[in-house]
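# A closer look at the structure
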Amino acid sequence: MSQERLPPGQHVPPGWPALHYGPAPRFQEERWDLRVFGATATGAEQRWNWAQFDALPRTEVVADLHCVTRFSVLDNRWGGVSGALLLRLAPPAPEATHVMVWAEFGYCANVALADFEDPNTLLVTHHNGQRLATEHGHPVRLVVPHRYAWKSVKWVRAIEYLTCDRRGFWEARGYHNRADPWRAERYAYQEEPGDGPPP
Ligand SMILES: Nc1nc2c(c(=O)[nH]1)N[C@H]1C(S)=C(S)[C@@H](COP(=O)(O)O)O[C@H]1N2
Ligand SMILES: [Mo]
């Protein structure tokens, strides 16, 4: 494997490990919605039920997934709704700088608006042409390929627009606020001033 292909310290295990904190939620279609709230352009929140969300136009991106525990899963063909499209459908206020992506059971991760808008960032419904398996985030997970995978929130239920940065679940538990795998930004103690919200 060439050095350019894998970020520092990463290796490729067999298959696709499933890794998460706590249990995997069962998808209940009739109770599911995706909510956008916080600093929206109009101040109102927006919701899609499952049928509405599943009818949105999908994009495909081929990208690698890098977990901070050092495994990488290469060449995933992700299908889903782009972060950029979501921002067009539910515009943030001009002051918004970050999003907090919320999952079932309160897991969350913060993502800079620029990273959420990146053409490779998707709200993923499909992997290699098939619906995601439950343990990988069915029905919808975020994928931000250029950040460590704890920011690729599985079982997404809400997106909160923030006007100042705020640490998510792992970012508040000693992990790096930005989490660029190419710079091995694993831990909060590596942060420089400005990499995270003021303490
Ligand atoms: N809701 C939720 N999403 C999550 C996590 C979690 O604990 N809960 N773990 C993250 C971590 S640390 C990793 S490495 C990836 C793993 O994705 P995978 O299980 O599809 O490989 O999911 C991320 N998304
Ligand atoms: Mo991870």
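As annotated in an unreviewed UniProt entry, the protein carries the name Molybdopterin-dependent oxidoreductase and is attributed to Lipingzhangella rawalii.

Counted by the stated rule, this structure contains 14 aromatic pairs. Between tryptophan 16 and tryptophan 78 the ring centres are 5.7 Å apart and the planes differ by 70°, which places this aromatic pair in the edge-to-face class. Of this pair, tryptophan 16 sits in the segment before β1 (33–38) while tryptophan 78 sits in strand β4 (residues 72–82), and the two are 62 residues apart along the sequence. In this structure tryptophan 16 comes out as partly exposed when scored by relative accessible area, which is 22%. On the basis of relative accessibility, which here comes to 1%, the residue tryptophan 78 falls in the buried class.

Right, let's talk about the pattern of salt bridges for a bit. Evaluated as defined, the whole model comprises 17 salt bridges. Two residues, aspartate 33 and arginine 157, come together in a salt bridge whose shortest N-O distance is 2.8 Å. Taken together, the positions of aspartate 33 in strand β1 and arginine 157 in strand β10 (residues 156–162) put the pair 124 residues apart, joining distant regions of the chain. The class for aspartate 33 is buried, based on a relative accessible area of 17%. By relative accessible area, arginine 157 is classed as partly exposed at 21%.

Strand residues, when the strand is regular, have side chains that alternate between the two faces of the sheet. For strand β7 (residues 122–127), the buried fraction is high: 6 of the 6 residues fall into the buried class. Of the pairings in the sheet, the one linking β4 to β7 comprises 5 bridges and is antiparallel in character. The residue bridging tryptophan 78 from the neighbouring strand is histidine 127, located in β7. In this antiparallel pair of consecutive strands, β7 and strand β8 (residues 130–131), the connection spans 2 residues, and asparagine 128 shows a positive phi of 50°.

This next bit is on empty space enclosed by the protein. The full count for this structure, using the stated rule, is 1 cavity of 30 Å³ or more. If you add up the space inside the largest cavity, you get close to 40 Å³. Taken together, Pro25, Arg26, Phe27, Gln28, Trp32, Glu104, His138, Pro139 and Trp155 form the lining of the largest cavity. Looking at the lining of the largest cavity, its residues break down into 5 nonpolar, 2 polar and 2 charged.

Our focus in this paragraph is the site of ligand 1. Ligand 1 sits among 17 residues. The nearest are Pro17, Tyr21, His136, Arg141 and Lys154. Contacts to ligand 1 include proline 17, whose backbone N or O atom sits 2.8 Å from an oxygen atom. One of the backbone nitrogen or oxygen atoms of tyrosine 21 is found 2.6 Å away from an oxygen atom of ligand 1. A total of 540 Å² of accessible area belongs to ligand 1 in isolation, and the protein chains cover 96% of it. In this structure the site holding ligand 1 corresponds to the largest pocket.

This next bit is on the layout of surface pockets. For the largest pocket, the calculated volume is near 530 Å³. Forming the boundary of the largest pocket are 29 residues, of which Leu19, His20, Tyr21, Tyr107 and Trp170 lie nearest the centre. Along the lines of polarity and charge, the residues of the lining of the largest pocket split into 20 nonpolar, 6 polar and 3 charged.

About the cut-offs
- Along each chain, numbering runs from 1 in the same order as the chain's sequence is written.
- Each chain gets a letter, beginning with A, and each ligand a number, beginning with 1, in the order they are written.
- The predicted nature of this model means local features are confined to residues of pLDDT at least 70 and side-chain atom pairs, given and counted, to a pLDDT of 80 or more, with totals for whole chains, interfaces and linings taken over all residues.
- The side-chain figures draw on all heavy atoms in the structure; neither hydrogens nor water molecules are used.
- Classification of ring pairs uses Phe, Tyr and Trp, with its six-membered ring standing for Trp, and accepts pairs whose centres are within 6.5 Å; under 30 degrees between planes counts as stacked, over 60 as edge-to-face, and the remaining range as tilted.
- Under the DSSP-based scheme used, a helix requires at least four consecutive residues in state H or I and a strand at least two consecutive residues in state E, with every element numbered from the N terminus.
- Buried, partly exposed and exposed residues are distinguished by accessible area as a fraction of the type maximum, computed with a 1.4 Å probe on protein chains only: under 20%, between the cut-offs, and over 50%, respectively.
- Salt bridges, as used here, are contacts in which a Lys or Arg side-chain nitrogen is within 4 Å of a carboxyl oxygen on Asp or Glu.
- Pairing between two strands is assigned when DSSP locates at least 2 bridges connecting them.
- The distinction between a cavity and a pocket rests on a 1 Å grid over the protein atoms alone: a 1.4 Å probe fits inside a cavity but cannot get out, while a pocket stays open yet meets protein on both sides within 12 Å along at least five of seven lines, and a residue with an atom within 4 Å of a point counts as lining.
- Grid points are joined across faces, edges and corners, and a volume is the space filled by probe spheres set on the points.
- Note on residue classes: Ala, Val, Leu, Ile, Met, Phe, Trp, Tyr, Cys and Pro are nonpolar, Asp, Glu, Lys and Arg are charged, and everything else, Gly too, is polar.
- The rule for a residue being near a molecule or strand is that one of its heavy atoms must lie within 4 Å of it.
- We call two N or O atoms a polar contact when they sit within 3.5 Å, provided that within protein one can donate a hydrogen and the other can accept it, with sequence-adjacent residues counted only if both atoms are side-chain atoms.
- Only the protein chains shown count as cover for residues, with accessible areas throughout obtained via the Shrake-Rupley method and a probe of 1.4 Å.
- Whether a molecule sits in a cavity or pocket is decided by its atoms, more than half of which must lie within 2 Å of the grid points.

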